[in-house]
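# A closer look at the structure
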Amino acid sequence: MTISSSPPPTRSGEDELHESYVELFHDAPCGYLTTTADGVITRVNRTLATWTGLGEDELLGTAFVDLLTTAGQLFYESRFATVLRLSGEVREVALSMRCADLRDLPVLINALIVPAHGERAEEIRIAVFDATERQDYERQLLVARRQAEASEARVRVLQDASSAFGLAMSVQELGEALITAARTGLLAASAAVLLPGERDGRDLIVDGVQMDPLISAGLMDLAMQAIEGDEVVTVASLDQAATIRPDLDVALQEQRLAALSIAPLRGDSGAHGVVVCFFGRDQVFDDDTRDIHAALARQASQVLRRVRLQEELAHRALHDQLTGLANRKLLQVRLDEALAGARRDARPLSIVFIDLDGFKAVNDALGHRVGDEVLVEVAERLRGVARASDPVARYGGDEFVIVCENADAEAAGVIAERFRHEVGRPLTSVPPSYSVAASVGVATWTPDDTADDPEPERLIRLADEAMYASKRGGRDRVTSVTV
Amino acid sequence: MSTIASAARSQVLRRNNVTVTGDPAGRPIVFAHGFGCSQEVWHAVAPRFESDHRVVLFDAVGSGASDLGAYDPARYDSLHGYADDLLEILDALDLHDAVFVGHSVAAMVGVLASNVDPSRFGALVLVGPSPRYLDDDDYTGGFSHADIEGLLDALDANYLGWSETMAPLIMGNPARPELGSDLTESFCSVDPRIASQFARVTFLSDNRRDLEQVRTPTLVLQCSEDVIAPPAVGRYVHEQISGSRFVQLAATGHCPNLSAPEELAAEITAFLR
C-alpha cells in the first residue's frame, strides 16, 4: 500500500494532458510520422495529411518512400536509407514529396531510428519540414553555381590545353597533348589524332585504343564527314553506331567503348586531320560539349601549323636540300651513335664512301641543272638499296657516305657492291652516251678490347682513302680496308 | 616476387581500402558496395562467411575510406574503370574461383570484370542489379532522363557547397554502439563532385549488351518493392545471363544487405552449396 503526500492526478486531468499532447502532435508546425524498420507508416499527424492532401487512413500502411517523387525515391534508396541505417540518424535531407494533386512539395527531413525496446519493435521517427521557399532560393543558387562552374571548367580546360599545346615541339608532342586534353577536359576514355599525309608514318598518334578494327568498321567515313562538313561528328551510343555501320557497334564494344566524337583539325590550306575521342558509356552530346571539342581542335590546329614549320626547319638544318639525304651534320650525329652502339654491343661497323665517276663530264657538258638531276637520281637509288636503318648522307659535291651498323667486312662488301651496281645502271637524266659509275671505299671496324675506339673522322678518312684506291685502280670498283 | 610488383599491389590495396578477414585457406568471397556508401553496408553480412571463406571487402575509389587522390575523372567516367580496379584487387590478392557479391551498380561492375577475365571468378551474386536504369523503346528500366536529372538535383541540393566534403551529421548510432561517430562519418562521407559523377555513371550507363557474355555461374537476387531495380529488371538480367538462377527475396527495399542480412546470406550460401 502506498501513501502519497499529494493527491494523484484525477482521471480527467490525465485525459486533458493526453489530449493536449495529441493536439501538439497532430497540429505541429511540421509533418511528423513513425514507420516500421521497413519504412511502412504506422503513425502520422494531421499536418502531413493536410500538406500532402492524402487522408490519414490512406497514409497509414503506405511505405514512406512511396510518398516521394521518383527522383526523391532514387536518392532515398541509394543514400538516405543507407546512411540512416548505418548512422541511426539523418538531418536536413532535402527531398520532394508527391502530393495528392500531383504537386511536388519540397521538404527537409530529419529521421531517427529508435531501437527495439522491450515489447516495442524498432521504429523510425521522421519529421518533415515544408521547404518550398528555401528550395526556390536554393534552386536559383544551384542553377547559378552550375552555370558558373560549367563556364569556369570550360575556360580551365581550354587554358590548360593552350599551355600544354604551347610547349609542344613536334607533331607527336602536340598530338599527345591533345589526347591528354581530351581525357581531362572531355573525360574521354581514350583518344586518337589522325593526320593523313603526315610523313614518316606519323599519321596516327593514339593512346589506349586499337585503331585498326575501328578503321575497318568505317571510322574513316565518319572522319571524312567531320573534315568535309567542318563539324563535330558524334556517335552517342552503340545502338546509334549500329545504324551508321553494321559492324561499328561490335568493334567499339570489343574495346569496351560506347560512344565517340570526331572534330576536324584545319589549317590554312584545308583539313589537316581529325581528333577522335572515345567514351566508355553512352553520351549526351549537347552544344556545350561540342563547342569545347571544336575549340580544342581549333587550338590544336593553330599550333599544328607552328610545330610543322619548326619540324620543317629542323629537317632542313640536318638534310641536304637538293637530294633530301642526311647532311654532314646529321651524318656526324648518326656516326657517333653508331660507334657507341658498336662498342656497347661488340658488333662490327662499316663506313661506305662513294664518289661518282664521270659526274664532272656531265656537269661540264650538260650544265648544273642536269648535274643536279643526276645527283637526285643517284641519291634515290642509294636510298633504295640501302638497308632501312642505314643512314645515307651527301658528304660533298658528288660524294656520299653510308653508315652500316652491324656489318662486318664481308657484309659491307656485299652492300657496297649493290651500291656500285645500282649507280652503274643507265641514268634517265642523261643521254646514254654519258656514263656515270661509282668508285667505292669501305672501312670496317670491329670493336676490340685492346685498342681504343677510332675517331669518327678517322673512319671516314679510311673509307675515303679506300675509295681513292678504287679510283686509282680503274674506277667503278669496291676497295675494302679494316681498321 | 619483385619489389615493384609488391609495391604496386600494396598501392592497389591501399587505394581501395581493401580489408581481408576470415579463413585464409577458404574460398574467396568478395563483397562490393553500390552507389551511396561504402563497404560498411556489408557489416551484417560479411562476418557470416568468415568461418569458411576468405572474406574481401573494399571501397570503390571516391567512396568510404578509399584514396580520393586516386580519383581520375576520365578513368571513372564509365563502369569499366571500376571493373579494372576490381580486377587489380583480385590480381593483387591473387584470388581465383572467387565468389563476387555485388550490390546495385557493383553487380554490373562484377559482370564487366568477369567478362574481361573470367578466370578469376567462380560465381557472381548480383544483388538488385540493373543494366540500365533509363526506359528505352522496348525496355523498362524504371526511370526517365528527367528522373535521373532530378536525382542529380537532389544530390546537389543536399551537398550545396556547405562544405567540400559532406558527411552526414552523426551522433553515434544507438543500435550500434561499437561504432564511434568518427568512424561512421568516414563510411558515408562523400565528395560532392565525385558523388555527382558516380551517380551519372551509375544511372546513365547501358550495360545490357554485356549480360549475354557472362559465362560465370550467376545468382540474381531480387528484392520485393525495390524502386531502384524493379522486379522486371531483375528478371531481364536473369533471362540475359544464360544458366543464371533467379531468387526473389522477401526483403523489401533496395538494401537487403542492411534490412535482411540473414535472408541474403542464406540465399548466397544455398547457391554456393
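As shown above, the structure is provided for reference.
Residues numbered from 1 in each chain as written. Chains lettered and ligands numbered in written order. Predicted model: local features only at pLDDT ≥ 70, side-chain atom pairs only at ≥ 80, totals over all residues. Heavy atoms only, no water.

## Observations regarding the overall build of chain B
How we decide: Here a strand is any run of E in DSSP of at least two residues, a helix any run of H or I of at least four, and the numbering for each starts at the N terminus. Any two residues whose heavy atoms approach within 4.5 Å are treated as being in contact. To measure how exposed things are, a 1.4 Å probe is used in the Shrake-Rupley method; for residues, cover is taken only from the protein chains shown.
A count of helices and strands for chain B gives 10 helices and seven strands. Counted over contacts in chain B with a minimum sequence separation of 6, partners at least 24 positions apart contribute 75%. With the model as given, the accessible surface of chain B reaches about 10,200 Å², and the carbon-plus-sulfur share is 52%.

## A short note on the sheet that holds strand β5 (residues 121-127) of chain B
All names here are of chain B. In plain terms, the rule: Strands are treated as partners if at least two bridges between them are detected by DSSP. Every axis corresponds to a line fitted to the C-alpha atoms, with the helix fit spanning only the stretch in contact, and the corresponding angles, defined between N-to-C directions, vary from 0 to 180 degrees.
Within the open sheet, the seven strands sit side by side as β1-β3-β2-β4-β5-β6-β7. Their pairing is mixed. Where the open sheet ends on each side, the last strands, each with one partner, are β1 (19-22) and β7 (245-252). Strand-to-strand, the axes of this sheet are offset by a mean angle of 20°, without reference to chain direction. Bridge count between strand β2 (residues 27-32) and strand β3 (residues 53-58): six bridges; the pairing is parallel. Looking at the pairing, Ala32 lines up with Phe58 of β3. Across the sheet, helix α2 (residues 79-92) lies against β2, β3, β4 (98-103) and β5, angled at about 140° from β5, the strand it touches most. The strands touched by helix α8 (residues 231-240) are β5, β6 (218-224) and β7; relative to β6, the strand with the most contacts, the crossing angle is about 170°.

## Things to note about the nonpolar core
This is how it is decided: Definition of nonpolar core: a set of buried residues of the types Ala, Val, Leu, Ile, Met, Phe, Trp, Tyr and Cys, connected through side-chain atoms within 4.5 Å. Per-residue accessibility, obtained with a 1.4 Å probe over protein chains only, is compared with the maximum for each type, and a residue is labelled buried under 20%, exposed over 50%, and partly exposed between these values.
Core analysis: the largest hydrophobic core is formed by 88 residues, its most contacted members being Phe64, Phe80, Leu95 and Met97 of chain A together with Val30, Leu86 and Phe203 of chain B. Sequence-distant contacts of Leu95 of chain A, defined by excluding residues within four places in its chain, comprise Leu68, Gly72, Phe75, Tyr76, Phe80, Leu105, Pro106, Val107 and Ile109 of chain A.

## Describing the packing of aromatic side chains
As a reminder of what qualifies: Think of it this way: a Phe, Tyr or Trp ring, Trp meaning its six-membered ring, pairs with another when their centres are within 6.5 Å, and the plane angle makes it stacked under 30 degrees, edge-to-face over 60, tilted otherwise. Look at NZ for Lys and CZ for Arg. If either is within 6 Å of the ring centre and within 35 degrees of the ring normal, a charge sits over the ring.
Scanning the model with the defined rule gives 16 aromatic pairs over all chains in all. Note on Phe25 of chain A and Tyr32 of chain A: the rings are 5.8 Å apart at their centroids and 65° apart in plane angle, and the pair reads as edge-to-face. Centre to centre, the rings of Tyr71 of chain B and Tyr76 of chain B are 5.2 Å apart; their planes meet at 20°, and the pair counts as stacked. For the pair formed by Tyr71 of chain B and Tyr76 of chain B, the shared burial category is buried. In this structure, Arg208 of chain B packs its charged tip against the face of Tyr139 of chain B, placed 4.7 Å from the ring centre. A cation over an aromatic ring shows up here: Arg235 of chain B above the ring of Phe246 of chain B, its NZ or CZ 3.9 Å from the ring centre.

## Observations regarding the state of the cysteines
Residues and elements named next belong to chain A. Going by this rule: What counts as a disulfide here is a pair of cysteine sulfur atoms lying within 2.5 Å.
Applying the stated criterion to the full structure yields zero disulfides over all chains. Note on Cys30: no disulfide assigned, nearest cysteine sulfur contributed by Cys99 at a separation of 16 Å. For Cys30, a relative accessible area of 13% puts it in the buried group.

## Examining the pairing of β3 of chain B
Residues and elements named next belong to chain B. Burial of β3 is extensive: five of the six residues sit out of reach of the surface. Pairing analysis gives four bridges linking β1 to β3, with the strands arranged antiparallel. What sits directly across from Thr21, in β3, is Val55.

## Focus: helix α1 (residues 3-15) of chain B
Under the convention used in this document: In this scheme, a helix's expected span is set at 1.5 Å multiplied by one less than its residue total.
With 13 residues, α1 of chain B should reach 18 Å at 1.5 Å per residue; the first-to-last C-alpha distance of 18 Å fits that figure. Looking one or two residues past α1 of chain B, Asn17 of chain B carries a phi angle of roughly 45°, positive in sign.

## What about the pattern of salt bridges?
All names here are of chain A. Quick note on the threshold: Salt bridges are defined by distance alone: a side-chain nitrogen of Lys or Arg within 4 Å of a carboxyl oxygen of Asp or Glu.
Taken as a whole and judged by the stated rule, the model has 47 salt bridges over all chains. In this structure, the salt-bridge partner of Glu337 is Arg334, at a minimum N-O distance of 3.9 Å. Highlighted residues: Glu337 and Arg334, both in helix α12 (residues 328-345), separated by three residues, approximately one helical turn. On the basis of relative accessibility, which here comes to 48%, the residue Glu337 falls in the partly exposed class.

## Regarding helix α16 (residues 456-472) of chain A
Residues and elements named next belong to chain A. The condition is simple: It is the directions from the helix axis to the C-beta atoms that the arc portrays.
Taking 1.5 Å as the rise per residue, α16 with 17 residues should run 24 Å; its terminal C-alpha atoms sit 25 Å apart, in good agreement. For α16, the full list of buried residues reads Pro456, Leu459, Ile460, Leu462, Ala463, Ala466, Met467 and Ser470. Down the axis of α16, the buried side of the element spans an arc of 160°, and every buried residue falls inside it. Buried residues belonging to α16 abut α12, β11 (349-357), β14 (437-445) and β15 (478-482). At the C-terminal side of α16, Gly474 shows a positive phi close to 115°.

## Description of the interface of chain A and chain B
Counted only if it meets this: Here the quantity called buried area is the total loss of accessible area, with a 1.4 Å probe, experienced by two parts when brought into contact, counted for both. Distance and chemistry together define a polar contact, namely a pair of N or O atoms within 3.5 Å, with one atom able to donate a hydrogen and the other to accept it when in protein, and with adjacent residues in sequence counting only for side-chain atoms on both sides. Nonpolar residues are Ala, Val, Leu, Ile, Met, Phe, Trp, Tyr, Cys and Pro. Charged residues are Asp, Glu, Lys and Arg, and all others, Gly as well, are polar.
Taken together, the 42 residues of chain A in the interface contact 67 residues of chain B. When the two sides are added together, the surface that chain A and chain B hide from each other amounts to roughly 4,700 Å², 55% of it contributed by carbon and sulfur. Among the residues chain A hides against chain B, the three largest losses belong to Leu86, Arg256 and Arg281 of chain A. Together they make up 17% of the total. Inspection of the region where chain A meets chain B yields eight salt bridges. A salt bridge links Arg183 of chain A to Asp72 of chain B; the nearest nitrogen and oxygen atoms lie 2.9 Å apart. In this structure, the connection of chain A to chain B is made through eight residue pairs in polar contact (both at pLDDT 80 or more). For the side of chain A that touches chain B, the elements supplying multiple residues, two or more each, are α4 (70-87), β3 (89-98), α5 (132-167), α9 (238-244) and α10 (248-254) of chain A. If one sorts the elements of the side of chain A that touches chain B by residue count, α4 of chain A sits on top with 13 residues. When grouped by side-chain class, the residues that make up the side of chain A that touches chain B number 15 nonpolar, nine polar and 18 charged.

## Quick look at the packing of α1 of chain B against α2 of chain B
Residues and elements named next belong to chain B. Just so we agree on the cut-off: Angles below 35 degrees are treated as roughly parallel, those above 145 as roughly antiparallel, those between 65 and 115 as roughly perpendicular, and all remaining angles as oblique. Helix crossings get a hand from a simple test, with the near helix turned counterclockwise from the far one by less than a right angle marking a left-handed crossing and a clockwise turn marking a right-handed one.
Viewed as axis vectors pointing N to C, α1 and α2 meet at an angle of 125°, and their least axial separation amounts to 9 Å. One way to sum up the angle between α1 and α2 is to call them oblique. The handedness of the crossing between α1 and α2 comes out as left-handed. Contact residues: Arg9, Val12, Leu13 and Arg15 in α1; Asp85, Glu88, Ile89 and Ala92 in α2.

## Considering the sheet that holds strand β12 (residues 392-394) of chain A
All names here are of chain A. Pairing is mixed in the open sheet, where five strands are placed in the order β12-β13-β11-β14-β15. If you trace the sheet from one side to the other, it starts and ends with β12 and β15, each paired once. Neighbour-to-neighbour, the strand axes of this sheet turn through a mean angle of 20°, independent of strand direction. The pairing of β12 with strand β13 (residues 399-405) spans three bridges and is antiparallel.

## So, a nonpolar patch on the surface
Which entries qualify depends on this criterion: For patches, a residue must show more than 30% relative accessible area and have no salt bridge; joins then use 9 Å for like charges and 5 Å for nonpolar side chains, namely Val, Leu, Ile, Met, Phe, Trp and Tyr.
Together, Leu17, Tyr21 and Leu24 of chain A make up an exposed nonpolar region whose accessible area comes to about 350 Å². Following the sequence through the fold, Tyr21 of chain A ends up in helix α1 (residues 11-26).

## Topic: the side chain of Ser439 of chain A
All names here are of chain A. Topologically, Ser439 is positioned in strand β14. The buried category is assigned to Ser439, whose relative accessible area is 0%. Polar side-chain contacts of Ser439 include one of 2.8 Å to the side chain of Asp357. Non-local contacts of Ser439, meaning those with residues more than four positions away in its chain, are made with Phe353, Ile354, Asp355, Asp357, Met467, Ser470, Lys471, Arg475, Asp476 and Arg477.

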